[in-house]
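Fold and geometry: a report
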Amino acid sequence: PLDDTCAEAMILLGGDLLVYGWQALLLEKPVVVTCTDPTLLTPICTVLTSLLTPMRMAHAVIPLIHDQLLPMLEAPFSFLVGMRTDLYLRYLGGEGRNVEQNYIHLNVDAGRHNGAEKMTDEGNAGGEGGAAYNARYLEALATRVGSILNRASSLRTGRRKGQ
């Protein structure tokens, strides 16, 4: 069931980040979610992993990473990590790091993501046909996510009226 916090997280993510994050997790790409409000990181990571149902995230999920675990961003395996935006910027600025190439970054505050070049058709025998399939698939998925967001918004509005 969708609770108010998850509905708020879905609305905050919006359709583009929701679909993009979901696709990255399905393709087992490492994903970093950044947000200035750390209280939203756990619901956002929960929403993203719940979209994998009936499958489960088989890799590390750390909704709010601690400073001591930041070297994990350089790991060669899949993960879902949430972190405060200030910590992320401080980490990127240190020691001339260019680790942003290693993962998909979902910037919730800006409503942007990076890493489109990492979401390729590698291993897809479809070639250009595969790219066309992906475009149709993402369009259908965006429609479905749009209806989920509308439902989340109406649930949230309905609960506020009933209070």
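Structure's up top.
Residue indices follow the written sequence of each chain, beginning from 1 at its first position. Local features in this predicted model are restricted to residues of pLDDT 70 or higher, and side-chain atom pairs are both shown and tallied only at a pLDDT of 80 or more, whereas totals for entire chains, interfaces and linings draw on every residue. Each side-chain value is derived from all of the structure's non-hydrogen atoms; neither hydrogens nor water enter the calculation.

Remarks on the overall build of the protein
So the rule is basically this: Strands are runs of DSSP state E lasting at least 2 residues, helices are runs of H or I lasting at least 4, and numbering of each runs from the N terminus. For the exposure calls, accessible area comes from a 1.4 Å probe over protein chains only, and a residue counts as buried if that area is under 20% of its type's maximum, exposed if over 50%, partly exposed in between. In what follows, a contact means two residues having at least one pair of non-hydrogen atoms within 4.5 Å. Note on areas: Shrake-Rupley with a 1.4 Å probe; residue coverage comes only from the protein chains shown.
Scanning the protein for helices and strands turns up 4 helices and 5 strands. Secondary structure elements in the protein, listed N-terminal to C-terminal, are α-β-α-β-β-α-β-β-α. Expressed as a percentage of its 163 residues, the buried residues of the protein come to 39%. Considering only intrachain contacts with a sequence separation of at least 6, the fraction spanning at least 24 residues in the protein is 63%. Accessible surface, the protein: about 9100 Å² in total, of which carbon and sulfur atoms supply 54%.

Topic: helix α1 (residues 4–26)
Heads up, the rule is: To estimate the expected span of a helix, subtract one from its residue number and multiply by 1.5 Å. Fitting axes to the seven residues ending at a residue and to the seven starting there, one defines the bend at that residue as the angle between these axes.
Here α1 is 23 residues long, yet its end C-alpha atoms lie only 25 Å apart, well below the 33 Å a rise of 1.5 Å per residue gives. Gly14 marks the point of greatest bend in α1, at about 100°. Directly beyond the C-terminal end of α1, a positive phi value near 55° is found at Glu28.

Digging into the pattern of salt bridges
Threshold: Salt bridges are counted wherever a side-chain nitrogen of Lys or Arg sits within 4 Å of a carboxyl oxygen of Asp or Glu.
Inspection of the entire model under this criterion finds 2 salt bridges. Notably, a salt bridge pairs Asp67 with Arg90, separated by 3.3 Å at the nearest N-O pair. Of the two residues, Asp67 is situated in the loop between β2 (60–62) and β3 (79–84) and Arg90 in helix α3 (residues 85–93); the sequence distance between them amounts to 23 residues. The exposure class of Asp67 is partly exposed, given its relative accessible area of 35%. The exposure class assigned to Arg90 is partly exposed, which follows from its relative accessible area of 48%. Arg84 is the partner of Asp86 in a salt bridge, and the nearest nitrogen-oxygen pair spans 3.1 Å. On the accessibility criterion, Arg84 (26% relative accessible area) is partly exposed.

Concerning the sheet that holds strand β1 (residues 31–35)
Rules: One requirement defines pairing of two strands: DSSP has to find at least two bridges between them. What counts as an axis is a line fitted to C-alpha atoms, over the stretch in contact for a helix, and the angles between N-to-C directions run from 0 to 180 degrees.
Judged by pairing direction, the sheet is mixed, and its 5 strands sit side by side in the order β2-β3-β1-β4-β5 without closing on themselves. In this open sheet, the two edge strands, each paired with only one partner strand, are β2 and β5 (112–113). As judged from the 5 bridges shared by β1 and β3, these two strands associate in the parallel manner. Bridge pairing links Thr34 to Met83 in β3. This element, α1, spans β1, β3, β4 (104–107) and β5 of the sheet and lies at about 155° to β4. Against the sheet, helix α2 (residues 41–50) engages β1, β2, β3 and β4, with an angle of about 160° to β3.

What to know about the pairing of β3
Of all 6 residues in β3, 5 are buried, a share of seventy percent or more. Bridge analysis of β2 against β3 gives 3 bridges, and the strand direction is parallel. Residue Ile62 lies in a different strand from β3, and its bridge partner there is Val81.

A word on the nonpolar core
Here is the rule we go by: Throughout, nonpolar core names a set of buried Ala, Val, Leu, Ile, Met, Phe, Trp, Tyr and Cys residues whose side chains join them through atoms within 4.5 Å.
Membership of the largest hydrophobic core comes to 28 residues, with the highest contact counts inside it found for Val31, Val33, Ile44, Leu48, Leu80 and Leu106. Here the element with the most residues in this core is α1; it accounts for 11 residues. In this structure Val33 touches Leu41, Ile44, Leu48, Leu80, Val81, Gly82, Met83, Leu106 and Val108, once residues within four positions along its chain are discounted. Counting residues in each nonpolar core, the second largest holds 13 residues, with Phe79, Met83, Leu87 and Tyr88 among its members.

Structural notes on α2
Those residues of α2 that fall on the buried side of the exposure criterion are Leu41, Pro43, Ile44, Cys45, Val47 and Leu48. As for α2, its buried residues are in contact with α1, β1, β3 and β4.

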